[in-house]
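What the coordinates show
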Amino acid sequence: MAITRYHPVHALLYLVISFLAMAMIFLSLGAPFVAVLEVIIYAGAIIVLFIFVVMMLNLGKDTAQQESAWLRPRVWLIPALLSLVLFGEMATLLIAGAEDEMQIAVVDPKRLSMSLYGGYIIAVELIGFLLMAGIVGAAHIGKHPKKHLHRFLEEKEMGEHEINI
Amino acid sequence: MTPIGANTVLVVAAALFVLGLAAALTRKNIIFILIAVEVMLNASGLAFVAAGAKWHQPDGQVMFLFILAMAAAEISVGLALVLQIYHQHKTLDVEDLKELSD
């Protein structure tokens, strides 16, 4: 549902539902820590970012009308068919294998963090680099480009403007 | 707790990934494309967690944490780019943004 709505805010709300359902799946797979992180970071932080941008860009009814005009069946039919073929291949590959029942064992956060800061310490540092680069990049890109005018030039422009008036 | 087949979870992850892929291919608004990318990342994380749960190892969850951090960084940079594009071009249609294709 998150991908068929025309209105951005409706799509975001369905995306929240999808994230919450995913968190429930994680909980039933014995991963409570990951489920909590999914709710906090995905359904919390990332959705807030999206909603913030939608608010700043003031996307509303116009966008919804544009989307509904763009999204005709002729447009989405062929990619949807190709994706469906891909899904069929993956599903047959998965079903062709022997179905084995998983024994669900809860992996508690202690084991997770022992593994995270034990064997994966290099990867943790690398992901720290990545997050830092993301912050710096977002701050740099999101900065408004300022128009730098020398003050003499500015006065001159204003003077010419007044003269023209 | 009733046991769940590993294949069932993987089929769910594949379905989510395919839905996200179809949406990313068909949508024209950049924000919807970013949403679809989020869905696809989520599906791959689900596959990782299912594999980790099958072998009772925490490695799958570690990988999901990395995917989470990567998604957060990606979405922040992507939304900053969206803001910048909107300020410069006043549109979010990917077919109107053709300056790089010359």
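Residues numbered from 1 in each chain as written. Chains lettered and ligands numbered in written order. Predicted model: local features only at pLDDT ≥ 70, side-chain atom pairs only at ≥ 80, totals over all residues.

Here we look at the overall build of chain A
Filter applied, for reference: Here a helix means four or more residues in a row that DSSP labels H or I, a strand means two or more in a row labelled E, and each is numbered from the N terminus. Each residue is classed by its C-beta neighbour count within 10 Å, where at least 20 other C-beta atoms makes it buried, 12 or fewer makes it exposed, and intermediate counts make it partly exposed; the C-beta atoms are placed from backbone geometry. Once C-beta atoms have been placed from the backbone, residue pairs whose C-beta atoms lie within 7 Å are recorded as contacts.
A tally of regular secondary structure across chain A gives 7 helices and 0 strands. When the elements of chain A are put in sequence order from the N terminus, they spell out α-α-α-α-α-α-α. Taken across its 165 residues, chain A has 18% of its residues classed as buried. Relative to all contacts within chain A whose residues are 6 or more apart in sequence, the contacts with residues 24 or more apart total 53%.

Comments concerning the overall build of chain B
When you go through chain B residue by residue, the secondary structure sums to 3 helices and 0 strands. Counting from the amino terminus, chain B carries its helices and strands in the arrangement α-α-α. Of all 102 residues assigned to chain B, the portion counted as buried reaches 50%. Long-range contacts, defined here as pairs at least 24 residues apart, represent 48% of the contacts in chain B between residues at least 6 apart.

Quick look at the interface of chain A and chain B
Facing 61 residues of chain A, the contacting portion of chain B comprises 55 residues. Of all elements in the fold, only helix H1 (8-28), helix H2 (32-57), helix H3 (61-70), helix H4 (73-96), helix H5 (109-116) and helix H6 (121-141) of chain A reach the threshold of two or more residues within the side of chain A that touches chain B.

Examining the packing of H1 of chain A against H2 of chain A
All names here are of chain A. This is how it is decided: Lines fitted to C-alpha atoms define the axes, with helix axes restricted to the stretch in contact, and inter-axis angles between N-to-C directions lie between 0 and 180 degrees. Here roughly perpendicular refers to angles of 65 to 115 degrees, roughly parallel to angles under 35, roughly antiparallel to angles over 145, and oblique to all remaining angles. Side-chain classes follow a simple rule in which Ala, Val, Leu, Ile, Met, Phe, Trp, Tyr, Cys and Pro form the nonpolar group, Asp, Glu, Lys and Arg form the charged group, and the remainder, Gly included, forms the polar group.
In contact at an axis separation of 8 Å, H1 and H2 are set at 170 degrees when each is read in the N-to-C sense. Judged on the interaxial angle alone, H2 and H1 are roughly antiparallel. The residues of H2 that touch H1, namely those facing Pro-8, Val-9, Leu-12, Leu-15, Val-16, Phe-19, Leu-20, Met-22, Ala-23, Phe-26 and Leu-27, are Pro-32, Val-34, Ala-35, Glu-38, Val-39, Tyr-42, Ala-43, Ile-47, Phe-50, Ile-51 and Val-54. For the contact of H1 with H2, the class distribution of residues is 21 nonpolar, no polar and 1 charged.

Focus: the confidence of the model for chain A
Note the threshold: For every residue, the predictor states its confidence as a pLDDT score lying anywhere from 0 to 100.
Counting all residues, the mean pLDDT for chain A is 76, and 68% of those residues have values of 70 or more. Predicted confidence in chain A is weakest over helix H7 (residues 151-164) of chain A, with a mean pLDDT of 58, and strongest over H6 of chain A, with 88.

Concerning the nonpolar core
What counts here: Structurally, a nonpolar core is described as a collection of buried Ala, Val, Leu, Ile, Met, Phe, Trp, Tyr and Cys residues joined by way of C-beta atoms within 7 Å.
Ranked by size, the top nonpolar core spans 55 residues in total, and within it Phe-26 and Ala-31 of chain A together with Ala-13, Ile-35, Leu-46, Val-49 and Ala-50 of chain B carry the most contacts. Where this core is concerned, the elements lending two or more residues are H1 and H2 of chain A together with helix H1 (6-26), helix H2 (30-54) and helix H3 (59-89) of chain B. Considering every element that reaches this core, the biggest residue donor is H2 of chain B, with 13 residues. Excluding residues within four positions of it along the chain, Ala-50 of chain B makes contact with Leu-29 of chain A together with Ala-6, Val-9, Leu-10 and Ala-13 of chain B.

Let's talk about the environment of Ile-46 of chain A
Here Ile-46 of chain A lies in helix H2. You can call Ile-46 of chain A buried: it has 24 C-beta atoms within 10 Å. Between the C-alpha atom of Ile-46 of chain A and that of Val-16 of chain A, which follows or precedes it by 30 residues, the distance is 9.9 Å. In this structure Ile-46 of chain A touches Ile-41 of chain A together with Glu-38, Ala-72 and Ile-75 of chain B, once residues within four positions along its chain are discounted.

As for H2 of chain A
What counts is decided by this rule: Expected helix span is taken as 1.5 Å per residue step, with the number of steps being one fewer than the number of residues. We define the bend at any residue as the angle between the axes fitted to the seven residues before and including it, ending there, and the seven starting there.
In this model, H2 of chain A (26 residues) spans 36 Å end to end at C-alpha, consistent with the 38 Å of a helix rising 1.5 Å per residue. Maximal helix bending in H2 of chain A amounts to about 25 degrees, located at Ile-47 of chain A. Here H2 of chain A has its buried residues at Phe-33, Val-34, Ala-35, Glu-38, Tyr-42, Ile-46, Phe-50, Val-53 and Val-54 of chain A. Here the buried face of H2 of chain A lies against H1 and H5 of chain A together with H2 and H3 of chain B.

Observations concerning the environment of Val-48 of chain A
Within the secondary structure layout, Val-48 of chain A lies in helix H2. Sequence-wise, Val-48 of chain A and Leu-112 of chain A are 64 residues apart; in three dimensions their C-alpha atoms are separated by 27 Å.

Structural notes on the confidence of the model for chain B
Residues and elements named next belong to chain B. For chain B, per-residue confidence averages 81 on the pLDDT scale, and 86% of positions sit at 70 or higher. Of all secondary-structure elements in chain B, the lowest mean pLDDT belongs to H1, at 82, while H2 reaches the highest, 87. For this predicted complex, the interface confidence reaches an ipTM of 0.83, while the overall pTM sits at 0.77.

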